[in-house]
Amino acid sequence: MTDYIVEEHMQVEQISVFLENKSGRLSEVTAILAEAEVNIRALALADTSDFGVLRLIVDDTEKARQTLKSNGFTVGKTDVVAVEVTDRPGGLHGILTMLHDAKLNVEYMYAFVRSSGDNAVIIFRIEQEQEAIRLLESKGVNVIDGQRLYSL
Amino acid sequence: MIHDIEYETMPREALEAIQLRRLQTTLAHVYANVPFYRKKFQEVGMVPADISSLADLRRIPFTTKQDLRDNYPFDMFAVPMDNVVRIHVSSGTTGQPTVVGYTARDIGTWSMLMARALAAGGAGRGEIIHNAYGYGLFTGGLGVHYGAERLGASVIPVSGGNTQRQVVIMRDFGPTIMTATPSYALHLAEVAEEMGVSFDSLKFKFGIFGAEPWSEKMRDEIERKLNLTAVDIYGLSEVMGPGVAIECHEAKQGLHVFEDHFIPEIVDPNTLEPLPYGATGELVFTSLTKEAFPVIRYRTRDITSLNPEPCICGRTLVRMNRVTGRSDDMLIIRGVNVFPSQIESVLMETEAVAPHYQLVVDREDNLDVLTVKVEVGEQSFTDEVKGLQDLERRITKHIKELLGVSARVKLVEPKAIERSEGKAVRVVDNRDI
Ligand SMILES: [Zn+2]
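Residues numbered from 1 in each chain as written. Chains lettered and ligands numbered in written order. Predicted model: local features only at pLDDT ≥ 70, side-chain atom pairs only at ≥ 80, totals over all residues. Heavy atoms only, no water.

Caption draft 1: Here's a closer look at the overall build of chain A. When its secondary structure is counted, chain A shows 6 helices and 7 strands. Each helix and strand of chain A, ordered N terminal to C terminal, gives the series α-β-α-β-β-α-β-α-β-β-α-β-α. Looking at the 152 residues of chain A, the share that counts as buried comes to 48%. In chain A, 70% of the contacts between residues at least 6 apart in sequence involve partners at least 24 apart. Counting only carbon and sulfur atoms, one obtains 48% of the accessible surface of chain A, whose full area is about 7600 Å². (Helix = DSSP H or I, 4+ residues; strand = E, 2+ residues; numbered from the N terminus. Buried < 20%, exposed > 50% of the residue type's maximum accessible area, 1.4 Å probe, protein only. Contact = heavy atoms within 4.5 Å. Areas by Shrake-Rupley, 256 points an atom, 1.4 Å probe, with all protein chains shown as cover.)

Given below as structure tokens:
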């Protein structure tokens with residue numbers, strides 16, 4: 001039971017924003033968040049020729065979400081997993097192999113801007129994130145919780 | 001309940017015999033008394049006596065809203081003003097209004113047809129009707145009112161507006177039938193909720209809603225929020241007013257047209273060729289019993305289809321399906337007629353898509369290209385690009401299957417679609433033909 005509660009707090013909240021016109025709208029998003037004094041901790045844009053999906057990790061998810069919504073953006077919220085990856089060859093590969101072997105599918109991933117000590121931080125979007133957290137921790141991988149990540 | 005068993009359940013052959021006799025009388029009447037119609041007959045070299053079967057009706061030219069406007073205010077009247085006891089005016093969203101008149105007998109016919117309609121929608125003697133259609137130049141309020149009195153029901157002429165007082169009346173008088181536009185019915189539900197009045201505690205059993213297009217989805221919402229059975233009613237002042245067609249509450253699948261008083265036709269809005277039962281096109285009406293303001297092949301601009309299947313309620317009258325759009329908005333894409341409302345239904349049926357869309361037509365290399373812009377709301381949004389591309393593909397596929405045209409679907413941000421005075425601009429045609 002205690003395990004479960006600990007794990008509950010291990011995932012990180014990410015917001016995503018639908019962008020139709022990528023270049024202009026992207027700077028609008030960052031301007032709106034700056035105005036609202038929301039700090040962007042990580043940002044990644046996935047796009048097609050038509051539209052883009054901006055993924056953000058910020059220090060105040062709810063505020064960012066409300067502010068963007070009131071500015072007419074479509075905003076979603078997803079839980080992701082932040083993992084410390086040792087900064088040496090094969091570091092990331094090891095983690096991907098663990099997830100793959102456990103049949104946990106990685107929908108997408110991107111790098112966090114700041115590092116944690118000497119280690120890089122990678123953000124993973126995995127459907128069964130609780131299972132993934134449990135697996136990675138059991139293998140000695142360092143999963144970073146929201147509180148720590150927002151303050152890195 | 002069927003108000004007029006004899007006519008509403010008449011075998012088709014007998015009905016058609018009556019239609020032909022009445023059509024011949026009506027044509028002779030307009031030929032003799034309305035210069036506009038006489039001229040139309042002369043243009044095609046015909047006289048009313050040439051009409052010897054219902055099929056001959058197809059040889060007579062159409063009447064349009066513009067024709068009615070050109071004859072503003074009284075030139076389409078087929079009787080002297082001495083015999084006109086009522087005048088109504090149809091607002092129309094653009095241009096000049098159209099004026100319609102009724103003799104005492106017309107008012108009697110209309111009342112009887114509205115009594116039939118109300119009965120089909122669940123009303124009867126002993127029921128209390130909360131009539132929230134507007135009273136005045138608009139035909140809705142008075143049309144229902146006279147029908148309710150003819151039926152012997154108790155009618156509350158509450159008209160539109162002053163919604164809080166309406167809620168108090170609903171609570172204190174316990175009406176069992178509501179007549180209103182569907183959007184006003186939902187507004188009533190909201191105000192009642194704000195006032196702490198639950199529809200579950202009210203006595204409503206049936207609601208008869210019309211005068212504006214609405215969808216099955218809206219019916220579900222109304223039935224749930226107002227705790228009643230909702231049916232659709234159709235009419236337009238040029239043809240008579242409400243009571244031209246009514247959905248029976250037993251089937252709730254299409255509106256029975258009172259064919260002993262009106263002949264409905266469906267025509268291709270492009271070629272104006274008559275279409276068979278089941279085909280979607282523009283609804284055209286010919287009145288069979290009106291004295292003051294008969295209409296011959298009047299193009300309603302409403303898009304629907306006719307269903308001749310027998311109905312569980314016992315009526316033998318043909319049913320028109322829910323009106324899905326206006327022919328004024330019709331687009332022809334590579335020879336296929338496309339109505340914005342059809343795209344809207346596809347979007348509504350596609351899970352999680354809000355009906356905020358715009359159709360853009362371009363011509364590239366002499367080919368029409370249809371782009372459907374769809375706003376991405378929170379329900380349809382996913383942070384995975386793959387999911388959004390899937391959504392685009394699903395919509396494209398549904399449009400192809402249902403409409404037979406290939407469309408490019410483009411997801412856009414909310415509010416990206418231009419709105420003109422609050423109303424979304426549904427069609428942008430960039431073709432320079
Ligand atoms: Zn029926």
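Caption draft 2: Spatial organisation of the sheet that holds strand S20 (residues 407–412) of chain B. All names here are of chain B. Taking strand neighbours across the sheet as the criterion, the 4 strands line up as S20-S19-S18-S23 in an open arrangement whose pairing is mixed. Both edges of this open sheet fall to S20 and strand S23 (427–429), since each of them pairs with a single strand only. When strand polarity is set aside, the average angle formed by the axes of neighbouring strands in this sheet is 20 degrees. Across 3 bridges, the pairing between strand S18 (residues 357–364) and S23 is parallel. By the bridge assignment for S23, Val360 is matched with Val428. (Pairing = 2+ DSSP bridges. Axes fitted to C-alpha atoms, helices over the stretch in contact; angles between N-to-C directions.)

Caption draft 3: Region of interest: the coordination of the zinc ion. All names here are of chain B. For the zinc ion, the full set of protein donor atoms is Cys248 (SG), His256 (NE2), Cys311 (SG) and Cys313 (SG), at a range of 2.1 to 2.3 Å. Angles of 100 to 117 degrees at the metal separate the 4 donor atoms of the zinc ion, which places the site in the tetrahedral class. Along the chain, the residues donating to the zinc ion are arranged with the sequence spacing C-x7-H-x54-C-x1-C. With His256 in strand S9 (residues 255–257) and Cys313 in the loop between strand S13 (306–307) and strand S14 (319–320), this residue pair connects regions lying 57 residues apart in the sequence. The exposure class assigned to His256 is buried, which follows from its relative accessible area of 0%. (Donors = N, O, S within 2.8 Å, 3.2 Å for Na, K, Ca; no water. Tetrahedral: all angles 85-135°; square planar, octahedral: opposite > 155°, others 65-115°.)

Caption draft 4: Representation of the environment of Val372(B). Residue and element names in this part refer to chain B. Locating Val372 in the fold gives a position in strand S19 (residues 367–375). Given a relative accessible area of 0%, Val372 falls into the buried group. For the pair Val372 and Arg408, spaced 36 residues apart in sequence, the C-alpha separation works out to 6.0 Å. Residue contacts for Val372: discarding those within four places in its chain leaves Ile343, Gln358, Leu359, Ile399, Ala407, Arg408, Val409 and Lys410.

Caption draft 5: Structural context of unusual backbone geometry. All names here are of chain B. The linkage connecting Tyr72 with the following residue, Pro73, adopts the cis geometry, with an omega of -10 degrees. Note on placement: Pro73 falls in the loop between helix H4 (65–70) and strand S1 (84–90). The phi dihedral of Asn162 falls on the positive side, at around 45 degrees, and the residue is not glycine. Within the fold, Asn162 resides in the loop between strand S4 (154–156) and helix H7 (163–173). Given the relative accessible area of 48%, Asn162 is considered partly exposed. In this structure, Leu272 takes a positive phi of about 65 degrees despite not being glycine.

Caption draft 6: Layout of the sheet that holds strand S6 (residues 206–210) of chain B. All names here are of chain B. Taking strand neighbours across the sheet as the criterion, the 9 strands line up as S4-S3-S5-S6-S7-S8-S9-S14-S13 in an open arrangement whose pairing is mixed. Across the chains shown, the open sheet's two edge strands, defined by having one partner strand only, are S4 and S13. Sheet topology note: the S9/S14 ladder contains 2 bridges and is antiparallel. Across the sheet, the residue bridging to Leu255 is Met320, located in S14. Strands strand S3 (128–131), S4 and strand S5 (177–180) of the sheet are contacted by H7, whose axis makes an angle of about 175 degrees with S3. Of the strands in this sheet, S5, S6, strand S7 (229–236) and strand S8 (241–247) are in contact with helix H9 (residues 216–226), which crosses S7 at around 130 degrees.

Caption draft 7: Representation of the interface of chain B and chain A within the structure. If you look at the interface, chain B gives 19 residues, while chain A gives 25 residues. Each partner contributes to the roughly 1700 Å² buried at the junction of chain B and chain A, and carbon and sulfur atoms together form 52% of this total. A per-residue breakdown of the area chain B buries against chain A is headed by Phe381(B), Asp383(B) and Glu413(B), which together make up 39% of the total. Of the charged contacts, one joins Lys386(B) and Glu107(A) as a salt bridge, the two residues approaching to 3.6 Å between their closest N and O atoms. Summed over the shared surface of chain B and chain A, the result is 8 residue pairs in polar contact (both at pLDDT 80 or more). Those elements that provide at least two residues to the side of chain B that touches chain A are helix H11 (385–403) and S20 of chain B. For the side of chain B that touches chain A, the leading source of residues is H11(B), giving 5 residues. (Buried area = accessible area lost by both parts, 1.4 Å probe. Salt bridge = Lys/Arg side-chain N within 4 Å of Asp/Glu carboxyl O. Polar contact = N/O pair within 3.5 Å; in protein donor to acceptor, adjacent residues only side chain to side chain.)

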